[in-house]
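Spelled out from the first residue to the last, the chains are:
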Amino acid sequence: MTSPSRLRTLLVLGRVSNLPTVWSNCLAGWLLGHGGDWTRFALLAAGATLLYVGGMYLNDAFDAEFDSQHRRERPIPSGAISLAAVWRLGLVMLVLGVALLIPLGLSTGVLAVLLCGCIVLYDAVHKLVTISPLLMALCRFLLYLVAASAAREGITGLTVWSALALSSYIVGLSYLARNESTGVVIQRWPQFLLAVPIALTLLVNDDRYRQPAMLLALVFALWTVRSLRHVWMEPRAVSRAVSGLLAGIVWVDLLAVADAPRAVAGIFVVLFLLALGLQRAVPAT
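The structure displayed is predicted, hence computed values, not measured ones.

Q: Looking at this structure, how should I read the overall build of the chain?
A: The helix and strand tally for the chain stands at 14 helices and zero strands. Overall, the chain shows an N-to-C arrangement of helices and strands of α-α-α-α-α-α-α-α-α-α-α-α-α-α. Computed over C-alpha atoms, the radius of gyration of the chain comes to 18 Å, within 12% of the 19 Å expected from 2.2 N^0.38 for 285 residues, which places it in the range of a compact globule. In terms of its C-alpha atoms, the chain occupies a principal-axis envelope of roughly 55 × 50 × 35 Å. The buried share of the chain, reckoned over its 285 residues, is 54%.

Following this line, the structure appears as structure tokens:
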């Protein structure tokens with residue numbers, strides 16, 4: 001295997017085009033916990049990155065048999081990398097991810113261990129149980145709490161509500177993505193869960209924050225509809241809809257901190273554009 005092809009294999013395994021959404025989760029949770037030393041945030045983002053990429057590696061390791069039948073283009077069934085190597089790399093990254101987060105505090109360390117366990121559980125059973133979207137949502141929920149716990153004031157009530165709103169969005173997205181490999185579209189009711197972040201941001205933002213919150217909610221709604229129209233118009237175009245909704249996670253995070261300064265909001269916009277750009281090079285799913 002040449003060096004460029006080896007690098008691409010590793011990037012595809014880690015689904016790195018979704019990393020901007022992990023970083024935006026960290027930033028939103030961090031801001032909801034009232035921030036703090038940005039050195040701590042860098043450690044937080046690094047730990048979360050390793051947990052996500054390691055989790056994606058184990059996802060392919062657990063799915064090797066399924067992928068050999070339904071997704072033969074994936075790195076393991078295509079022969080681009082061995083199953084044993086994926087297991088080793090995934091487990092090492094998970095351990096390193098938790099190790100980076102533990103120094104951020106006792107609560108952060110405990111939550112990081114719980115997050116790691118949830119990631120492994122999801123990877124192991126997501127093809128076997130119908131409630132796997134709830135496990136995926138729980139992973140993102142815990143990531144919000146990990147980020148907030150590492151910040152100055154820790155986990156607040158708004159952090160929990162925002163994490164729940166994000167979880168609702170993830171459940172809706174994940175139910176749609178479950179049948180991506182088969183091309184069969186599930187019931188439409190989970191798609192209504194994608195609108196929960198809009199309801200929360202309109203409830204918690206008032207006075208001078210109401211107008212920017214409504215503007216952000218409108219942008220988020222338009223992007224969500226734009227993403228879903230692929231599957232509405234062509235039931236088998238699930239992957240295009242899912243990719244758009246994955247990038248839309250950044251907008252959910254921005255809605256959670258709608259009162260943030262424009263410079264901070266600009267960071268979320270950059271992360272959104274980065275997610276879209278990376279999807280052109282590395283599949284999001």
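Having seen the structure, we can now continue with the description.
Q: Could you clarify how one ought to interpret the nonpolar core in this entry?
A: Counting 92 residues, the largest nonpolar core has Leu-44, Leu-51, Leu-115, Tyr-169, Leu-176 and Phe-268 as its most contacted members. Excluding its chain neighbours within four sequence positions, the residues that come into contact with Leu-51 are Met-93, Leu-94, Gly-97, Val-98, Leu-101, Leu-115, Cys-116 and Ile-119.

Q: I tried to follow the side chain of Ser-24 on my own but got confused; where do I start?
A: Position of Ser-24 among the secondary structure elements: in helix 2 (residues 19–32). Setting aside residues no more than four positions away along its own chain, Ser-24 makes contact with Ile-249, Val-250, Asp-253, Phe-268 and Leu-271.

Q: Could you clarify how one ought to interpret the packing of helix 7 (residues 106–125) against helix 8 (residues 132–149) in this entry?
A: Geometry of a packed helix pair, given as the angle between the helix axes and the separation of the axes. The geometry of helix 7 relative to helix 8 is characterised by a closest axis approach of 9 Å and an angle of 160 degrees between their N-to-C directions. As the angle between them shows, helix 7 and helix 8 are arranged roughly antiparallel. Crossing hand, helix 7 versus helix 8: left-handed. Seen from helix 7, the contacting residues are Ser-107, Thr-108, Leu-111, Ala-112, Leu-114, Leu-115, Cys-118, Ile-119, Leu-121, Tyr-122 and Val-125; seen from helix 8, they are Ser-132, Leu-135, Met-136, Leu-138, Cys-139, Leu-142, Leu-143, Leu-145, Val-146 and Ser-149.

Q: Could you clarify how one ought to interpret the pattern of salt bridges in this entry?
A: Oppositely charged side chains may form a pair once their charged atoms are brought near each other. One pass over the full model with this rule turns up four salt bridges. Taking the shortest distance from any N to any O, the salt bridge between Asp-60 and Arg-74 comes out at 3.0 Å. With Asp-60 in helix 3 (residues 38–62) and Arg-74 in the loop between helix 4 (64–70) and helix 5 (75–78), the pair connects residues that are 14 residues apart, well separated along the chain. Note on accessibility: Asp-60 and Arg-74 belong to one class, buried. Shared partners join several salt bridges into a network, and the residues in it are Arg-15, Asp-60 and Arg-74.

Q: Got a minute to help me understand unusual backbone geometry in this structure?
A: Apart from glycine, the bulk of residues carry a negative phi angle, and the bulk of peptide bonds sit in the trans form. The phi dihedral of Arg-15 falls on the positive side, at around 45 degrees, and the residue is not glycine. Relative to the helices and strands, Arg-15 is located in the loop between helix 1 (3–14) and helix 2. The phi dihedral of His-34 is positive, around 70 degrees, even though this residue is not glycine. Topologically, His-34 is positioned in the loop between helix 2 and helix 3.

Q: In this structure, what is going on with helix 2? I would like to understand it.
A: Think of an α-helix as turning once every 3.6 residues; residues three or four places apart then point the same way. Its 14 residues give helix 2 an end-to-end C-alpha distance of 20 Å, which sits within 8% of 20 Å, the value for a rise of 1.5 Å per residue. The buried count for helix 2 comes to 12 of 14 residues, which makes it a mostly enclosed element. Within the sequence span of helix 2, burial applies to Leu-19, Pro-20, Thr-21, Val-22, Ser-24, Asn-25, Cys-26, Leu-27, Ala-28, Gly-29, Trp-30 and Leu-32. Check the buried side of helix 2 and you find it contacts helix 3, helix 8, helix 9 (157–177), helix 12 (238–247), helix 13 (249–256) and helix 14 (262–279).

About the cut-offs
Residues numbered from 1 in each chain as written. Predicted model: local features only at pLDDT ≥ 70, side-chain atom pairs only at ≥ 80, totals over all residues. Heavy atoms only, no water. Helix = DSSP H or I, 4+ residues; strand = E, 2+ residues; numbered from the N terminus. Rg over C-alpha atoms; globule rule 2.2 N^0.38 Å. Buried < 20%, exposed > 50% of the residue type's maximum accessible area, 1.4 Å probe, protein only. Core = buried A, V, L, I, M, F, W, Y, C linked by side-chain atoms within 4.5 Å. Contact = heavy atoms within 4.5 Å. Axes fitted to C-alpha atoms, helices over the stretch in contact; angles between N-to-C directions. Parallel < 35°, antiparallel > 145°, perpendicular 65-115°, else oblique. Left-handed = near helix turned anticlockwise from the far one by under 90°. Salt bridge = Lys/Arg side-chain N within 4 Å of Asp/Glu carboxyl O. Expected span 1.5 Å × (residues − 1).

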